[in-house]
Structures are given as C-alpha cells and as structure tokens.
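The residues making up each chain are set out below.
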Amino acid sequence: MKDTEPSYTAFMLAVSQVLLHTHPEERNRRLVNDEMATMSQWFVDECAHQTADPKFDASQYTVESVNQDYTNLVQVDILRKHVFEKNIRKAIADGATQVVILGGGFDTLVMRLRKHFPEVQFFEIDHPSTSVVKKAVIEKKKAEYPDIDGPNAHYIAADFEKTSLKELLEKEKSFKPDSKTAFMAEGVLFYLRESTVRGILTDINTLGGLGSQVIVETLDAINSSAQDQQLAADVASVGEDQRWALDPAQAKRFFEMYGLSTRDVNDHRDRQVGFATDAEMASVRQQEGAKTYTLELTSKLGRLSHYERPDRTAAWDASR
Ligand SMILES: C[S@@+](CC[C@H](N)C(=O)[O-])C[C@H]1O[C@@H](n2cnc3c(N)ncnc32)[C@H](O)[C@@H]1O
C-alpha cells in the first residue's frame, strides 16, 4: 500500500460500478443499482487524478471491454459484490448484531445498509490512506444525503500489517465481543502477509460469538492465469502486491484451525447464476482463480489463541 494515496484497486472498483451502471447494455447496467452508482461516482470524482497513473493498464475498464459474457474483470469484481451483500444481509437476518468490514475501500455497503438496520453496528476498517478520503467524502455528502452516516457507522483508519484487529475493535465502545458478528473481507486478504491473515482469523475467533459468519475472498494461487498475472503486475505497479493465496484443497482444514467451519464456497461461475443466460452459463469456466468462502464460527480456541499469536510464519514471510 502507498501511504500517501488512496488504494488504486478500491478506486477502480468505484470506476467499475459507474462504468457498468451507465453501460449501453441493460445486462451490465443491472449489476449496479442507482444508489451504488451515485455513491461510487463521489469517489471517482474525489480520486479522478488517479486515472492519470501511467503505470496502470486501464484497458479492461472501457465500455467495449465489458461488452461480453460476464468474464471481464469489471464484471467479475462487481458480481462479487452481490455475493458479499447477500451473505451480509443473510447474517443480519440470522441474528448478527455487528458487521465488521476489513479493507472496505470505497465500497458503499455501510452507507446503504446502515439506515435499514439501525440496531446493527457497522465497523469498517481500511488503510489510513483510503479511510481518510472515504470519511472526508462522507462528511461532504451527508448534508445532502443524511442517511449515509449515523451513530451505527464506525470508520477506523489502520494498517492491518501494523495493528491487530483485536486491538482496533477493543478500542471501539460500541463493539461487543462475543456477540454474533458478520466479518467480511472482499478483495483484501490476498494483499496481506500470511502471518497477518492468520492473526486476523485468530482475532475473529477471539472476538466473535459462536455462530458468527465470516465471508472472505481468497486467491487460489498467486498468478494462476494469464489474466491474473497481468492484474497482479498492474496492481503491484501501483503499490498493491498480491502476497497471500490459499490452495482450495487446503482451505477447509486451514479455516478449521481458527474454529471456522466452511458453509459455502463460491467461485466465479456461481456468482453468475441469476445474471448470465443459460447458454452463457454452459460455457463459463468453473474455476476463476479466486473463491469466496462463507464460514461459521463454530468453536472458540480459548487460551490457544494467545499461543497462536506469536509470529509462527515470520520466517515464511521473510522469504517473500
Ligand atoms: C481491492 S480493494 C477492495 C475494496 C473493497 N473491499 C471493495 O471490494 O470494494 C482492497 C482494499 O484493501 C485495503 N488494504 C490493502 N492492504 C491493507 C492493509 N495493510 N491495511 C488495511 N487495508 C488494506 C485497501 O486500502 C483497499 O481499500
């Protein structure tokens, strides 16, 4: 992450939503509702200077490049938003009283959902370079759109590589440890070191109540396809290197170490259900190189969590 500029990938996700919402084809427009598009436009305007970054290949972010069968990067990333939101809404319906969003970027979920669930506390954490910009935009817009902010929306500026999730949430007066919570990390964990990801999962185990839901996206492997290699090179060029991947064959066991049982695994093909035509579904690749796991906190590690905290993977990280 660059310390001085907001996340480029968060910015491009805002760009993607505006692009799809105004696309000539209805099948693309319906991926982004009016509220998502209006709010995303605020961040596009705020960070417009970033589009001038000569290092980033923006060739996939054009009307022509998304004019195809939901396999363009723009479409893939925004379909992912539907999976996350569906899971968060379900977790709330199932009794979650808190939502914790890791690396929220310029996502609009808290601004849109908080008014519908006033009894739910939303905590969104992001790197200071992005969080500060997001908060400034919200401050600017809330006179005109008062619903976007309120006492149940909490924005926390922090670098996960420097401060633990536990430390951050324990400082929040409205955060209630051991309550049923929905944690989500959309397009975030693969930018972190493995030891940081393990620390986050340990903290989720410590802080969440049994029955908490955890929705995370992981890469199956770093640079697993030509498209991924290009993307990895692009995002590394703007300071966001991919650092961590999770072999799907190991995933269930990996999450179990943190008391998390796998309830659902979603890949790019699954994300298209309800959007793509039957003919398109028939030709879509099963594997996209990334997965969204829906996990449930089914056992607490207790004292073991303190034992897990020492940086067992420091040597692994040092070799990266
Ligand atoms: C691809 S964007 C995803 C944004 C958002 N989750 C979404 O899907 O719209 C990645 C986000 O992770 C955040 N991030 C990356 N490394 C981080 C770190 N070390 N600490 C905190 N946030 C980080 C970035 O600031 C950025 O907002």
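See above for the structure.
Everything in this summary refers to the structure shown in the same document. (Residues numbered from 1 in each chain as written. Predicted model: local features only at pLDDT ≥ 70, side-chain atom pairs only at ≥ 80, totals over all residues.)

**Regarding the overall build of the protein chain**
Defined as follows: Helix and strand definitions follow DSSP, with helices as H or I runs of at least four residues and strands as E runs of at least two, each counted in order from the N terminus. For the exposure call, what matters is how many other C-beta atoms sit within 10 Å of a residue's own: 20 or more marks it buried, 12 or fewer exposed, and in between partly exposed, using C-beta atoms placed from the backbone.
What the protein chain contains, in helices and strands, is 14 helices and 7 strands. The buried share among the 320 residues of the protein chain stands at 40%.

**Digging into the site of the ligand**
The criterion, for reference: Near, for a residue, is defined by distance from a backbone-placed C-beta atom to a molecule or strand, with 6 Å as the limit that must not be exceeded. In this count, Pro and Cys sit with the nonpolar residues alongside Ala, Val, Leu, Ile, Met, Phe, Trp and Tyr, while Asp, Glu, Lys and Arg are called charged and the others, Gly among them, polar.
Ser7, Thr9, Ala10, Gly103 and Gly105 are the nearest of the 20 residues found near the ligand. Of the residues forming the shell around the ligand, the biggest block, 3 residues, is contributed by helix H1 (residues 8–21). Taken together, the residues of the shell around the ligand break down into 7 nonpolar, 8 polar and 5 charged.

**Overview of helix H8 (residues 194–207)**
One full turn of an α-helix is made of 3.6 residues, so residues set three or four places apart face in the same direction. Selection rule: In this scheme, a helix's expected span is set at 1.5 Å multiplied by one less than its residue total.
A rise of 1.5 Å per residue sets the reference length of H8, with its 14 residues, at 20 Å; its end C-alpha atoms lie 20 Å apart and thus fit the reference within 8%. Of all the positions in H8, only Thr196, Val197, Arg198, Gly199, Ile200, Leu201, Thr202, Asp203, Ile204, Asn205, Thr206 and Leu207 are classed as buried.

**Here we look at unusual backbone geometry**
Its identity is not glycine, yet Asp178 carries a phi of approximately 70 degrees, on the positive side. Judged by C-beta crowding, with 12 C-beta atoms within 10 Å, Asp178 ranks as exposed.

**Some points on the nonpolar core**
Worth spelling out the cut-off: Joined through C-beta atoms within 7 Å, a set of buried Ala, Val, Leu, Ile, Met, Phe, Trp, Tyr and Cys residues constitutes a nonpolar core. C-beta atoms are placed from the backbone for every residue, and two residues are taken to be in contact when these atoms lie within 7 Å.
Phe11, Ala14, Ile101 and Met184 are the most contacted members of the largest nonpolar core, which totals 71 residues. Per-element tally for this core: the top contributor is H1, with 10 residues. Apart from the residues lying within four places of it in its own chain, the contact partners of Ala14 are Ser40, Phe43, Val44 and Phe106.

**Considering the packing of H1 against helix H3 (residues 34–46)**
Helix-helix packing: each pair is described by the crossing angle between the helix axes and the interaxial distance. Threshold: Here the axes come from fitting lines to C-alpha atoms, over the contacting stretch only for helices, and the angles between their N-to-C directions go from 0 to 180 degrees. In this scheme, roughly parallel covers angles under 35 degrees and roughly antiparallel covers those over 145, while 65 to 115 is roughly perpendicular and the rest are oblique. In this scheme the handedness of a crossing depends on how the near helix is turned from the far one: anticlockwise by less than a right angle means left-handed, clockwise means right-handed.
At a minimum axis distance of 8 Å, the contact between H1 and H3 shows a crossing angle of 135 degrees. On the basis of the axis angle, H1 is oblique to H3. In this structure, H1 meets H3 at a crossing whose hand is left-handed. Together, Phe11, Ala14, Val15, Gln17, Val18 and His21 of H1 and Met36, Ala37, Ser40, Gln41, Phe43 and Val44 of H3 make up the contact between the two elements.

**Examining the environment of Leu301**
With respect to the secondary-structure elements, Leu301 resides in the loop between strand S7 (290–297) and helix H13 (304–308). Judged by local crowding, Leu301 falls into the partly exposed class, with 16 C-beta atoms found within 10 Å. Separated by 95 residues in the primary sequence, Leu301 and Thr206 have C-alpha atoms spaced 7.3 Å apart.

**A look at the environment of Ile200**
Residue placement: Ile200 occurs in helix H8. With 23 C-beta atoms counted inside 10 Å, the residue Ile200 sits in the buried group. Excluding its chain neighbours within four sequence positions, the residues that come into contact with Ile200 are Leu102, Phe160 and Leu165.

**Overview of helix H4 (residues 73–93)**
Taking 1.5 Å of rise per residue, 21 residues should cover 30 Å, and H4 covers 31 Å from first to last C-alpha, within 8% of that figure. The positive-phi residue at the C-terminal boundary of H4 is Gly95, with phi of around 115 degrees.

**Quick look at the sheet that holds strand S5 (residues 213–219)**
As a reminder of what qualifies: Criterion used throughout: strands pair if DSSP finds at least two bridges between them.
If you trace the 7 strands from one edge of the open sheet to the other, you get S3-S2-S1-S4-S5-S7-S6, paired in mixed fashion. Strands with a single pairing partner mark the edges of an open sheet, and in this sheet they are strand S3 (153–157) and strand S6 (260–266). For this sheet, the mean inter-axis angle between neighbouring strands, taken without regard to orientation, is 20 degrees. Here strand S4 (residues 181–185) pairs with S5 via 4 bridges, running parallel. Pairing of Met184 across the sheet is with Ile215, part of S5.

**Describing the environment of Leu189**
If you trace the backbone, Leu189 turns up in the loop between S4 and H8. Separated by 30 residues in the primary sequence, Leu189 and Leu219 have C-alpha atoms spaced 8.7 Å apart. Once residues lying within four places of it in the same chain are set aside, the contact partners of Leu189 are Val197, Val216, Glu217, Thr218 and Trp244.

**Describing the packing of H3 against helix H6 (residues 128–141)**
It is the contact of H3 with H6, at a shortest axis distance of 11 Å, that shows an interaxial angle of 120 degrees. Judged by the twist between their axes, the crossing of H3 over H6 is right-handed. Where H3 approaches H6, its residues Trp42, Phe43 and Glu46 are matched on the opposing element by Val133, Val137 and Lys141. Here the contact of H3 with H6 is built from residues that sort into 4 nonpolar, no polar and 2 charged.

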